[in-house]
Structure formats: structure tokens, C-alpha cells
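# Structural characterization, general
Listed below, chain by chain, are the residues.
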Amino acid sequence: EGRNVEIFVGDNGLGIALEHLERIFGAFERLNPQMDGTGLGLAIVKKLIEEHSGQIAARNLKDGGAELSVLLPLAGERNNETTEQRRTENWRERA
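Residue positions are given per chain, counted from 1 along the sequence in the order it is written. It should be noted that, the model being predicted, local features are given only for residues of pLDDT at least 70 and side-chain atom pairs only at 80 or more, the latter also being counted only at that level, while totals for whole chains, interfaces and linings use all residues. Where side-chain values are given, they derive from all heavy atoms of the structure, hydrogens and water being excluded.

### What about the environment of leucine 72?
Only runs of H or I of at least four residues qualify as helices and only runs of E of at least two qualify as strands under DSSP, and these elements are numbered from the N terminus. As for its placement among the helices and strands, leucine 72 is situated in strand β3 (residues 66-73). Put simply, leucine 72 and histidine 52 are 20 residues apart on the chain and 7.1 Å apart in space, counted from C-alpha to C-alpha. Note on contacts: a residue pair qualifies if any of its non-hydrogen atoms lie within 4.5 Å across the two residues. What leucine 72 contacts, discounting residues up to four positions off in sequence, is Asn4, Val5, Ile49, His52 and Gly54.

Shown next as C-alpha cells:
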């Protein structure tokens, strides 16, 4: 099994609407048309992470807020087979 580092970034806001949760990493996805921006930020982040054999995911927290998880292999480690399983385990531990 490859070794990974996982980074969690979260907040205690309203969370991400369920209808937007799967779309936030798409190119040109602006979830609030009233806000400035191109809708490329998270799409670029996702592409960069994937280019380094990593993954990024978002979820809502049960007590409010949202959390992003970035999973990257350590230098020299590129085992993508278990990254999704590892993220699920880490999120269960944090719940």
C-alpha cells in the first residue's frame, strides 16, 4: 500500500448545497452568479492534484459547514488503488 498525506480544510458555515456538491470542481461552474470570478479555481486545483496522482473531494459536515479533503501520495509513492478507501476511513474517524 502506498503512503499518502491527507489535508483537510473546513469551515463552520452553511455548507454546500447538495445540488452543487458534485459540480464544484467543474470548469466554469459559478454557483453564485452574483459573485465575481471565472469558475475555474477549484477546477484548476483538481487538475493539479490529479496530475500529482492525488484526489480532492468535498463533503458537508453533520454539524454544519463543509470540508475539502486533498489526498496526495508521498514522494516516490503512486498507489492510487487505495486512496478512496483511505479517504473514507479518515472521514469516518473525523465524523
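### Things to note about unusual backbone geometry
Backbone geometry places serine 53, a non-glycine residue, at a positive phi of 60 degrees. Relative to the assigned elements, serine 53 resides in the loop between α2 (41-51) and β2 (55-60).

### Here's the deal with the sheet that holds β2
Sheet strands pair by backbone hydrogen bonding; their relative direction is either parallel or antiparallel. On the basis of which strands lie adjacent, the open sheet formed by three strands has the order β1-β3-β2 and antiparallel pairing. Of all strands in the sheet, those bounded by a partner on one side alone are β1 (4-10) and β2. On average, adjacent strands in this sheet sit at an angle of 20 degrees to one another, irrespective of strand direction. Pairs of strands are assigned from DSSP output, requiring at least two bridges between the strands. The sheet contact formed by β2 and β3 spans six bridges and is antiparallel. Residue pairing in the sheet places isoleucine 56 in a bridge with valine 70 of β3. For every element, the axis is a line fit to its C-alpha atoms; helices are fit only across the contacting stretch, and the angle between N-to-C directions ranges from 0 to 180 degrees.

### Brief notes about the pairing of β3
Between buried and exposed lies partly exposed: a residue is buried under 20% and exposed over 50% of the maximum accessible area for its type, with that area taken using a 1.4 Å probe on protein chains only. Counting buried positions along β3 gives six out of eight residues, so the element sits mostly inside the fold. Summarising the sheet, β1 and β3 pair through seven bridges and their orientation is antiparallel. Bridge pairing in β3 links valine 5 to leucine 72. Counted along the chain from β2 to the antiparallel partner β3, the turn is five residues long, and its residue glycine 64 has a positive phi close to 105 degrees.

### So, a nonpolar patch on the surface
Judged by side-chain polarity, Val5, Ile7, Val9 and Leu74 come together as a nonpolar surface patch covering roughly 300 Å² of accessible area. When its relative accessible area of 37% is taken as the criterion, valine 5 is described as partly exposed. In this scheme, patches are assembled from residues that exceed 30% relative accessible area and form no salt bridge. Like charges are connected within 9 Å, while nonpolar side chains (Val, Leu, Ile, Met, Phe, Trp, Tyr) are connected within 5 Å. To measure how exposed things are, a 1.4 Å probe is used in the Shrake-Rupley method; for residues, cover is taken only from the protein chains shown. Note on definitions: salt bridges are taken to be side-chain nitrogens of Lys or Arg within 4 Å of carboxyl oxygens of Asp or Glu.

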